[in-house]
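# Overview (structure and organization)
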Amino acid sequence: MLLLLLFLVAANPSKPILTLSASRAGSGMATLFLWGALGVGGWHLREYRRIQSLFDRQVPFTEEQYRKIRFDPVLLQNYRLCTAHRLPSSLQTEAFRDYVVLCPTPAGLCELGRAYLQIGRIADAEALFEWAWQINPSLVTPAYELFLLYRQEGMPEKMRAWGERLLGQPVKKEGTTTLKMRAYVEQAFLSEFGERGNLP
């Protein structure tokens with residue numbers, strides 16, 4: 001990218017605005033910097049390709065290798081999709097958690113929240129569902145997940161609040177999933193409170 005930038009600047013046909021005369025020492029330093037940058041870039045490219053070959057062969061990573069990729073969203077997502085299913089469930093959850101922290105999306109946060117619910121981390125799941133809702137309050141899924149959580153945990157006031165929020169929430173595009181969620185919440189309101197909720 002740097003070489004391409006230099007080439008494009010040199011090929012610019014506009015009149016020169018500022019010229020710099022480079023000494024021999026300055027040219028030498030620039031050359032050393034350029035070769036150093038190319039060397040570091042080449043090393044990272046080789047490391048990236050080596051890790052990609054592990055993905056292709058579906059080889060589980062060592063802890064040291066995992067530390068190298070845990071801050072790269074692309075590598076971490078590939079790792080999760082290609083090899084994490086061969087790991088113990090705790091390490092699968094850790095890999096997914098690291099990816100969601102790097103790239104927090106409502107869908108990813110809700111999926112991680114459901115994984116936390118399965119292992120009994122209720123408070124963490126609640127925090128993730130609320131985070132997903134805060135990212136995009138127009139989505140139905142985070143409110144639905146909170147409704148289910150509070151119903152499961154026996155918290156009727158919070159359950160009612162999130163159920164009413166879900167039923168009264170305008171949806172940009174109504175789909176089968178959204179309709180099923182609303183129908184379930186209505187049925188839950190009937191069985192828990194003897195009413196349908198505030199469906200418009």
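Look a little higher up for the structure.
For the structure given in this document, a descriptive report is provided here.

Thresholds applied
- Residues numbered from 1 in each chain as written.
- Predicted model: local features only at pLDDT ≥ 70, side-chain atom pairs only at ≥ 80, totals over all residues.
- Heavy atoms only, no water.
- Salt bridge = Lys/Arg side-chain N within 4 Å of Asp/Glu carboxyl O.
- Buried < 20%, exposed > 50% of the residue type's maximum accessible area, 1.4 Å probe, protein only.
- Helix = DSSP H or I, 4+ residues; strand = E, 2+ residues; numbered from the N terminus.
- Polar contact = N/O pair within 3.5 Å; in protein donor to acceptor, adjacent residues only side chain to side chain.
- Contact = heavy atoms within 4.5 Å.
- Patch = residues over 30% accessible without salt bridge, like charges linked within 9 Å, V, L, I, M, F, W, Y side chains within 5 Å.
- Areas by Shrake-Rupley, 256 points an atom, 1.4 Å probe, with all protein chains shown as cover.
- Expected span 1.5 Å × (residues − 1).
- Arc of directions from axis to C-beta.
- Core = buried A, V, L, I, M, F, W, Y, C linked by side-chain atoms within 4.5 Å.
- Axes fitted to C-alpha atoms, helices over the stretch in contact; angles between N-to-C directions.
- Parallel < 35°, antiparallel > 145°, perpendicular 65-115°, else oblique.
- Left-handed = near helix turned anticlockwise from the far one by under 90°.
- Nonpolar A, V, L, I, M, F, W, Y, C, P; charged D, E, K, R; others polar.
- Phe/Tyr/Trp six-rings, centres within 6.5 Å; stacked < 30°, edge-to-face > 60°.

## Quick look at the pattern of salt bridges
The final tally for this structure, using the stated rule, is five salt bridges. Its salt-bridge partner being Asp 124, residue Arg 121 comes within 2.8 Å of it at the nearest N-O pair. Using a relative accessible area of 34% as the deciding quantity, one classes Arg 121 as partly exposed. Owing to a relative accessible area of 32%, Asp 124 belongs among the partly exposed residues under this scheme. For Lys 158, the salt bridge goes to Glu 126, with nearest N and O atoms at 3.8 Å. Placement of Lys 158 in helix 9 (residues 156-167) and of Glu 126 in helix 7 (residues 122-135) is noted, with a sequence separation of 32 residues between them.

## Focus on the side chain of Gln 169
Along the chain, Gln 169 falls in the loop between helix 9 and helix 10 (176-193). Residue classification places Gln 169 among the buried residues on the basis of a relative accessible area of 9%. A distance of 2.8 Å separates a polar side-chain atom of Gln 169 from the backbone oxygen of Ser 138. Residues in contact with Gln 169, not counting those within four places in the same chain, are Trp 133, Pro 137, Ser 138, Leu 139, Val 140 and Arg 182.

## Here we look at a nonpolar patch on the surface
On the surface, a nonpolar cluster with roughly 460 Å² of combined accessible area is contributed by Leu 3, Leu 6, Trp 35 and Leu 38. Broken down by secondary-structure element, the contributors of at least two residues to the nonpolar patch are helix 1 (2-11) and helix 2 (24-57). Looking at where Leu 3 falls in the secondary structure, it is placed in helix 1.

## Considerations on helix 7
With 14 residues, helix 7 extends 20 Å between its outermost C-alpha atoms, agreeing within 8% with the 20 Å of an ideal straight helix rising 1.5 Å per residue. Listed in full, the buried residues belonging to helix 7 are Ala 125, Glu 126, Leu 128, Phe 129 and Ala 132. End-on view of helix 7: buried residues confined to an arc of 165°, all on one side of the axis. Residues of helix 7 that are exposed and angled more than 90 degrees away from the buried face: Ala 123 and Gln 134. Buried residues in helix 7 make contact with helix 6 (106-118), helix 8 (141-152) and helix 9.

## Here we look at the nonpolar core
If you look at the biggest cluster of nonpolar residues, it comprises 33 residues, and the most contacted ones within it are Phe 129, Phe 147, Leu 166 and Val 185. When contributions to this core are tallied by element, the ones reaching two or more residues are helix 3 (63-69), helix 4 (73-82), helix 5 (89-102), helix 6, helix 7, helix 8, helix 9 and helix 10. Per element, the largest residue contribution to this core is six residues, and it comes from helix 8. Here Phe 129 is in contact with Cys 110, Gly 113, Arg 114, Leu 117, Pro 142, Glu 145, Leu 146 and Leu 149, once residues within four sequence places are set aside.

## Describing the packing of helix 5 against helix 6
To characterise two packed helices, one gives the angle between the axes of the helices and the distance between these axes. The contact between helix 5 and helix 6 brings their axes to 10 Å, and the two run at 150°. When the axis of helix 5 is compared with that of helix 6, the two are roughly antiparallel. As helix 5 runs across helix 6, the sense of the crossing is left-handed. Seen from helix 5, the contacting residues are Thr 93, Phe 96, Arg 97 and Val 100; seen from helix 6, they are Gly 108, Leu 109, Glu 111, Leu 112 and Tyr 116. Across the contact of helix 5 with helix 6, the residue classes break down as five nonpolar, two polar and two charged.

## A word on the packing of aromatic side chains
Evaluated as defined, the whole model comprises three aromatic pairs. Centre to centre, the rings of Trp 133 and Trp 162 are 5.3 Å apart; their planes meet at 90°, and the pair counts as edge-to-face. Highlighted residues: Trp 133 in helix 7 and Trp 162 in helix 9, separated in sequence by 29 residues. Assessed through its relative accessible area of 10%, Trp 162 is described here as buried. Measuring from centroid to centroid gives 6.2 Å for Phe 147 and Phe 189, while their planes differ by 10°, and the two rings are stacked.

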